[in-house]
Amino acid sequence: MKRFIVLAGVIAWSFCSMNAGAKTLEDVLKEKGVITEEDYKEVTKVKPFDYKLGKGFTFTTPEEKFQLTLGGRMQFRYTFNDFDTKQDTSQWDAKRIRLIAQGYAYTKDLTYTLEFDPRAYATAANKGLINAWMNYKLINEAQLMVGQFKSPWSRQELISDGSLQFVDRSIAVDAFKASYEIGAMLNGKIADGLAYYYAGVFNGAGQTSTRSSNDNLFVARAVVNPLGDFPNSEADIEMSPKPLLS
C-alpha cells in the first residue's frame, strides 16, 4: 500500500512567544552602532501599552511592578492520503491553538505564564490548561518554579512548538517523553548561560491530573554550553556566525 502525506499548508502564526526572534528597529540600530546605549534605553523604556510583532500586546503599570503580555499561536495543517486499495482521504486540522498570558507581578523576579488550548474546552479532553506556573528568581543561579509545566527531560519536548525545526516533534520523543506535570522545580542559570541545572518533583500523573499515591516523578537535568549560551530553539533563523554546542 502506497501512502503519500502531503503537508499542503502549514500556517504558523506567533505573536506571543518567550522564544520569539523578531528584532525591533531599535535593536538593529543598536547592533549597527547607529544609536548609543543611552539612546537605546531612552527609546525602549517601558510604555503603559505596547505591541511588538512576535511578542504580543503588553500592559505595564506606571511603577513597573506589574506587567501582562497577551498573545497566542496557531498552526494549521492539511493532510492528503493517497491509498492504492481504498478511498483517499483529505483533512484540515488545527494542529495547535494557544492563548497565552505572561508577565511579572510585584517584582520582575516573580514571573508567570498561563497558556490555554481553547479547543479542549469544547470537548471532554480536560487538557485545556497547558502551562500554569510561577517562577521566583532569588539570583540567576537559584530559582524556584511551581505549578504545571514540562518536566525537564527531552530537549526537543522542552523547545516550544513555535521554535522547532519542523512542525512536529520526532515520533521517538512523542513515544517516550515526560511532558506536562504538576510539581515544583529548582533551577538555575550559571555563568551567563554556560551551564543550567534543573531538579524537580512532580505528581507523575500527567497534564492536569493529580493522584494521592507516593509514586511521584523525580527529574534532574544538567546542561553545559561550552561555547556560550545556547538558545532554546532548533532553528537558527538569524544564521548566527558563531558556532554553538550544547
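Residues numbered from 1 in each chain as written. Predicted model: local features only at pLDDT ≥ 70, side-chain atom pairs only at ≥ 80, totals over all residues. Heavy atoms only, no water.

Focus on the overall build of the protein
From N to C terminus, the protein includes four helices and 11 strands. Looking at the protein as a whole, 32% of its 246 residues qualify as buried. A fraction of 52% describes how many contacts in the protein between residues 6 or more apart in sequence connect residues 24 or more apart. For the protein, the accessible surface area stands at approximately 15500 Å², while carbon and sulfur atoms represent 60% of it. (Helix = DSSP H or I, 4+ residues; strand = E, 2+ residues; numbered from the N terminus. Buried < 20%, exposed > 50% of the residue type's maximum accessible area, 1.4 Å probe, protein only. Contact = heavy atoms within 4.5 Å. Areas by Shrake-Rupley, 256 points an atom, 1.4 Å probe, with all protein chains shown as cover.)

Looking at the nonpolar core
Judged by nonpolar contacts, W133, M145, F149, M185, F202 and V219 together constitute the single largest core of six residues. Among all residues touching M145, those that are not within four sequence positions of it are W133, M134, N135, G183, A184, M185 and N187. (Core = buried A, V, L, I, M, F, W, Y, C linked by side-chain atoms within 4.5 Å.)

Notes on the packing of aromatic side chains
For the structure on display, the rule yields six aromatic pairs. Ring centres of F49 and F59 lie 5.2 Å apart, and the angle between their planes is 50°; this geometry places the pair in the tilted category. Here F59 lies in strand β3 (residues 56-60) and F49 lies in strand β2 (residues 49-52), a separation of 10 residues in the sequence. Judged by centre distance (5.5 Å) and plane angle (70°), the rings of F149 and F202 are edge-to-face. Placement of the pair is F149 in strand β8 (residues 142-150) and F202 in strand β10 (residues 195-202), with a sequence separation of 53 residues. Among the residues examined, F149 registers a relative accessible area of 4% and is labelled buried. Here the aromatic cluster, defined as three or more aromatic residues joined through ring pairs, consists of F49, Y51, F57 and F59. (Phe/Tyr/Trp six-rings, centres within 6.5 Å; stacked < 30°, edge-to-face > 60°.)

Structural notes on unusual backbone geometry
In the Ramachandran plot, Y106 falls in the positive-phi region, its phi being about 70° despite a non-glycine side chain. Its place among the elements puts Y106 in the loop between β5 (89-105) and β6 (107-116). With phi around 50°, T208 is a residue other than glycine that occupies positive phi space. Among the structural elements, T208 can be located in the loop between β10 and β11 (217-224). On the accessibility criterion, T208 (22% relative accessible area) is partly exposed.

Section: a nonpolar patch on the surface
On the surface, F49, Y51, L53, F57, F59 and L70 cluster together to form a nonpolar patch covering roughly 580 Å² of accessible area. Within the secondary structure layout, L70 lies in strand β4 (residues 66-81). (Patch = residues over 30% accessible without salt bridge, like charges linked within 9 Å, V, L, I, M, F, W, Y side chains within 5 Å. Salt bridge = Lys/Arg side-chain N within 4 Å of Asp/Glu carboxyl O.)

What to know about the side chain of D117
Looking at the secondary structure, you find D117 in the loop between β6 and β7 (129-139). On the accessibility criterion, D117 (8% relative accessible area) is buried. One polar contact links D117 to R119, side chain to side chain, over a distance of 3.0 Å. Residues within four places of D117 in sequence aside, it is in contact with I97, R98, K127, G128 and I130. (Polar contact = N/O pair within 3.5 Å; in protein donor to acceptor, adjacent residues only side chain to side chain.)

Let's talk about the environment of L110
Within the fold, L110 resides in strand β6. In contact with L110, not counting residues within four places along its chain, are G103, Y104, A105, M134, N135 and Y136.

Comments concerning the confidence of the model for the protein
When pLDDT is averaged along the protein, the result is 85, and 87% of the positions lie at 70 or above. In the model, residues 1-21 has pLDDT below 50 throughout and makes 66 contacts with residues more than four positions away in sequence or in other chains. (pLDDT = per-residue confidence, 0-100.)

With respect to the pattern of salt bridges
Under the defined criterion, the tally for this structure stands at 16 salt bridges. With a closest N to O distance of 3.1 Å, E37 and K30 form a salt bridge. Given a relative accessible area of 33%, K30 falls into the partly exposed group. For D161, the salt bridge goes to R96, with nearest N and O atoms at 3.3 Å. You can see D161 sitting in the loop between α3 (155-158) and α4 (171-176) and its partner R96 sitting in strand β5, a full 65 residues away along the chain. Since its relative accessible area comes to 7%, R96 is described here as buried. Salt bridges linked by common partners bring R73, R96, R98, E115, D117, R119 and D161 together as one network.

Examining the pairing of β5
Working note: regular strand, side chains alternate between the two faces of the sheet. Sheet topology note: the β4/β5 ladder contains 16 bridges and is antiparallel. Along β5, the bridge assignment pairs F66 with A105. The sheet contact formed by β5 and β6 spans seven bridges and is antiparallel. Across the sheet, the residue bridging to A105 is T107, located in β6. (Pairing = 2+ DSSP bridges.)

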